[in-house]
Amino acid sequence: MQTETMQTEPTPPNDPGGALIPITHRPDVVFTRGEGSWLWDNTGKRYLDFVQGWAVNCLGHCPAVVAEALAEQSRTLMNCSPAYYSVPLVDYARALTAASGLARVFPANSGAEANEGAIKLARKWGALNRNGAFEIITTHHAFHGRTLATMSASGKAGWDALFEPKVPGFPKVPLNDLAAVEAAITERTVAVMLEPIQGEAGVWPATDDYLRGLRALTEERNILLILDEIQTGMGRTGELFAWQHPEVRPDIMTLGKGIGAGVPLAALLAREEVCCFEPGDQGGTYNGNPLMAAVGLAVLRAVTAPGFLDGVVAAGARLAAGLEALSARHGLGGVRGRGLLLALDLGSRKDAAAIAAAALDRGLLLNAPRPDALRFMPALTVTGGEIDAMLEILDGLLR
């Protein structure tokens, strides 16, 4: 019997994404290798990466601890189904709960999945404890993911008319307006959900006083506080979790991005009193698989190693000082954020996307979340020399 071999044409150099559904505007650069703060494309050109997969690669590209954990675990056990325990899953869950002070973990594959789980958990808690309350107060300009429920919870501009009808039950208030939250609470309210820093919106922090006020208000009104730490968690702000700055432990916390340092991993954590899921309420084929759990444990150990977070604080201060100097030199709008999640406000300039495109040509990856701001999310292992090199390139671009 003859068999036919499918012949494929080589990818045209001017159309590398020809077989992909277009879901973002990708430049024609095709990357082939990464190490630390650097990427190389298929022509051999090197790029300094201050995006790092949108704060995903907390240890930089291809860190040894992740490669070693993947290699070792892949030779032992990759997936025995979430219907069974595995040693990496149990060890990882125990380490996360010990680090956070929250009682239980639901492992997930993406931040959106973790946030979807948080919404479900809060609504079930409301059904059991608040006479069926289901509404979750969220904030304008928030970003919680791209599932139907997390898009509905988000306040991202332009999403209002997408994929209608939206999931109901997400009244929105301005960030840092405690009175607006209090006014929005009704007998239908089960929780308040927010990011400690709105990253996708352009790096807008919730103030420490606001978070403390929210914690007091939610406790007084017997509703839950959900903190989406997908972008801010795992040392990004100089503490393991951003809520540790104001010392405001949430009832539910979600983690993603940096939690896996490049692999698909996320987590939903909650206080014991909130953990009301029963068997069958929540699940996922890959959730908590030994391969990803082993990586998560290796990353957590690296980020919590003595001195690591001190290095993040020092690097964040160096980056912030350098951006402040550029802002003063070029008459821009200042710097906001915390640790190694920062934004440079371009003031009256609305050319962030053009600056990011020009930076790419110069071998620098930057993110423009809005027309008047650049966002900086380097590896938590970024060096002082790499920060200085980025600032030098950006200085030239701003001229």
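Note: the structure precedes this text.
Position labels on residues start from 1 in each chain and follow its written sequence. Since the coordinates come from a predicted model, pLDDT governs what is reported: local features require at least 70, and pairs of side-chain atoms require 80 or more to be given and counted, while whole-chain, interface and lining totals use all residues. The side-chain figures draw on all heavy atoms in the structure; neither hydrogens nor water molecules are used.

J.: What's the story with the overall build of the chain in this structure? I'm lost.
T.: In this text, helices come from DSSP runs of H or I with a minimum length of four residues, and strands from runs of E with a minimum of two, each type numbered from the N-terminal end. When you go through the chain residue by residue, the secondary structure sums to 11 helices and 17 strands. Projected onto its principal axes, the C-alpha positions of the chain cover 70 × 60 × 50 Å. Evaluated residue by residue, the chain yields a buried proportion of 51% over its 399 residues. Pairs at least 24 apart in sequence give 70% of the contacts found in the chain among residues at least 6 apart. Note on exposure labels: buried denotes an accessible area under 20% of the residue type's maximum, exposed denotes more than 50%, and partly exposed covers the range between, all computed with a 1.4 Å probe on protein chains only. Whether two residues touch is decided by their heavy atoms; if any such pair falls within 4.5 Å, the residues are in contact.

J.: Where do I start with the sheet that holds strand S15 (residues 364–365) in this structure?
T.: The pairing of strands in a sheet happens through backbone hydrogen bonds and is either parallel or antiparallel. A sheet is described by the order of its strands in space; here four strands give the open sequence S1-S2-S3-S15, paired in mixed fashion. The sheet is open, and its two borders are formed by strand S1 (31–35) and S15, each paired with just one other strand. Contacting strand S2 (38–41), strand S3 (46–49) and S15, helix H11 (residues 384–398) crosses the sheet at an angle of about 100° to S3. In short, DSSP must find at least two bridges between two strands for them to pair. The axes are straight lines fitted to the C-alpha atoms, using for helices just the contacting stretch, and the angles between their N-to-C directions are given from 0 to 180°.

J.: What exactly am I supposed to notice about the side chain of Arg336 here?
T.: Inspection of the secondary structure assignment puts Arg336 in strand S13 (residues 334–338). For Arg336, a relative accessible area of 11% gives the class buried. Under this definition, polar contacts are N or O atom pairs within 3.5 Å; protein pairs additionally need one hydrogen-donor-capable and one acceptor-capable atom, and for neighbouring residues in sequence, both atoms have to be side-chain atoms. Here the side chain of Arg336 touches Gly202 through a polar contact of 3.0 Å, landing on its backbone oxygen. A polar contact is formed between the side chain of Arg336 and the backbone oxygen of Val203, at a distance of 3.0 Å. The residues contacting Arg336, other than those within four sequence positions of it, are Gly202, Val203, Trp204, Leu341, Leu342, Ala343, Asp345, Arg370 and Ala373.

J.: Got a minute to help me understand the pairing of S13 in this structure?
T.: Put simply, side chains in a regular strand alternate between the two faces of the sheet. Of the strand pairs in this sheet, S13 and strand S14 (residues 341–345) are connected by five bridges, and their pairing is antiparallel. Pairing of Gly337 across the sheet is with Leu342, part of S14. What sits between S13 and S14 in their antiparallel hairpin is a turn of two residues, with Gly339 showing a positive phi close to 60°.

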